[in-house]
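Understanding the architecture of this molecule
Residue strings, one per chain:
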Amino acid sequence: MRGGTSRGPFFLESDLPSDSARRDRVLLAVMGSPDRRQIDGLGGAHPLTSKVGIVRKSHTAGVDLDFLFAQLQPDKDTVDTTPNCGNMLAAVVPFALERGLIAARGEETTLRVLTLNTDMQCDITVQTPDGRVSYEGDARIDGVPGTSAPIKINFLDTAGSVAASLLPTGRVLDVIDGIAVTCIDNGMPLVIFKAADVGRTGYESVDALNADTGLKTRIEKLRIACGHAMGLGDVTDKNYPKMTLIAPPRAGGSLSTRSFIPHVCHDAIGVLAAVTVGTACVLEGSATQGVAVVPAGAAKTIAVEHPTGEFSVELEIDPTNPQNVLRAALLRTARLIMRGEVMVPAALVS
Ligand code: NQM
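Residues numbered from 1 in each chain as written. Predicted model: local features only at pLDDT ≥ 70, side-chain atom pairs only at ≥ 80, totals over all residues. Heavy atoms only, no water.

Here we look at unusual backbone geometry
Applicable threshold: Numbered from the N terminus, helices here are DSSP runs of H or I no shorter than four residues, and strands are runs of E no shorter than two. A simple rule labels every residue: compare its accessible area, found with a 1.4 Å probe on the protein chains alone, to the largest value its type can have, and call it buried under 20%, exposed over 50%, or partly exposed in between.
Cis geometry is adopted by the peptide bond preceding Pro-34, which originates at Ser-33 and carries an omega value of 0 degrees. Within the secondary structure layout, Pro-34 lies in the loop between helix H1 (20–31) and strand E4 (51–57). Of the consecutive residues Ile-261 and Pro-262, the connecting peptide bond is found in the cis state with omega at -10 degrees. Summarising the element assignment, Pro-262 is placed in the loop between strand E14 (255–260) and helix H6 (271–281). For Ala-45, which is not glycine, the phi torsion reads 60 degrees and is therefore positive. Looking at where Ala-45 falls in the secondary structure, it is placed in the loop between H1 and E4. Owing to a relative accessible area of 39%, Ala-45 belongs among the partly exposed residues under this scheme.

Encoded structure:
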């Protein structure tokens, strides 16, 4: 399935080994990792196409589906089920309907999904005319060619997903390793800082940033220091926190971003990364201050500019406590690309 600007195979939980070490060996073989080209598997030689979704009917009252996201890497043998992925999340309901896990509920179907990675719930609405998922429509998301049927995601509780709280250092702004940073987790642990503070404009191309080894070394050192400050321990081998360089908007949005996830620059921005950046924009005194252009009012649309366009997030803030985000809503699309069987060495499944 393509989910938002990510892609990967989805499995019914019951089709995978129940032992997680064995499951992970199967997933590595499915994707062809570790190998930079993932030549022996389905992975697309990039972190955004090295993702797997695992779905089951929920065991939790009031919830329809459980989703476990697994992040693999082309060149590593890791299967990380710690962080979320809001892009792959967009494909969960279409997959569940396709596989008959649950039935459509009219022209539109809204299901409650629990992401097991961080115990996060959301309501997802997909188009289901005639009881079948429709992938065709006029919704456009930057980073994906063409248009598709809209998928609405309404997050119910995102603060402190992997980190212990929204602001895991206890402050909205810290100076770490000589750089003013906001360490924040509203669905995705991020370190947000001004591109100018590392001598960049923040408008560089993805290719230029991926080739910028000096910058990568600098921000990896910062990331490791921030990981400790955020209570995440030694993050050397972890896929979080992600590093977000920010600059003033250039295309009428709220701010411009470049995201390292964490070692490769994203062609767009992750879903929960966008929610988290948007949240930093509404926090008084964060690193976005003086950079972001933020609309007035308790309900705000923050347009996060990224290398291939923009990502709008609707945030509703608690007027009595601006650190309390009551709702985060956004638009994604998804598509069933193929259905079938993926082959792995027999020893892994026998
Ligand atoms: O932030 C990339 C993506 C993601 C994760 C990443 C995501 C999110 O674009 O919710 O969607 O940060 O590794 O798929």
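Side note on the nonpolar core
Here is the rule we go by: Take the buried Ala, Val, Leu, Ile, Met, Phe, Trp, Tyr and Cys residues and link them wherever side-chain atoms come within 4.5 Å; each set so joined is a nonpolar core. The split of the chain into domains comes from an automatic or database domain assignment. Contact criterion: two residues are considered in contact whenever any of their non-hydrogen atoms come within 4.5 Å of each other.
Core analysis: the biggest nonpolar cluster contains 62 residues, and Phe-10, Leu-65, Phe-67, Leu-89, Val-113, Ile-124 and Phe-155 have the highest contact counts within it. The leading source of residues in this core is H6, at eight residues. Mapped onto the domain boundaries, this core takes at least three residues apiece from domain 1 (2–150 + 334–348) and domain 2 (174–332). Not counting residues within four places of it along the chain, the set of residues in contact with Phe-10 comprises Met-1, Gly-53, Val-55, Phe-67, Met-88, Ala-91, Val-92 and Phe-95. Counting 23 residues, the second-largest nonpolar core is a separate cluster that includes Val-206, Ile-219, Cys-226 and Phe-260.

As for H6
The buried count for H6 comes to eleven of eleven residues, which makes it a mostly enclosed element. Looking only at H6, the buried set comprises Val-271, Leu-272, Ala-273, Ala-274, Val-275, Thr-276, Val-277, Gly-278, Thr-279, Ala-280 and Cys-281.

Concerning the pairing of E4
Operational definition: Strands pair, by our definition, only if DSSP identifies at least two bridges between them. With the strands aimed away from the viewer, a crossover counts as right-handed if its path from the first strand over the helix to the second runs clockwise.
Burial runs high along E4: six of the seven residues are buried. The sheet contact formed by strand E3 (residues 10–12) and E4 spans three bridges and is parallel. Bridging across to E4, Phe-11 finds its partner in Ile-54. The parallel pair E3 and E4, bridged by H1, forms a crossover whose chirality is right-handed. Examined bridge by bridge, E4 and strand E5 (residues 65–72) share seven bridges and lie antiparallel to one another. When the bridges of E5 are listed, Gly-53 appears paired with Phe-69.

Points about empty space enclosed by the protein
Heads up, the rule is: Residues are said to line a cavity or pocket when one of their atoms sits within 4 Å of a point; the points come from a 1 Å grid over protein atoms alone, cavities being sets where a 1.4 Å probe fits but cannot get out and pockets being open sets with protein on both sides within 12 Å along at least five of seven lines. Grid points are joined across faces, edges and corners, and a volume is the space filled by probe spheres set on the points.
Under the counting rule described, the total for this entry stands at two cavities of 30 Å³ or more. Here the largest cavity defines a volume of roughly 180 Å³. For the largest cavity, the lining is made up of 19 residues, of which Lys-51, Met-188, Lys-242, Ile-261 and Gly-270 are closest to its centre. Within the residue set of the lining of the largest cavity, elements represented by two or more residues are E5, helix H2 (86–89) and H6.

From the geometry alone we can't say anything about function, so treat these as descriptive.
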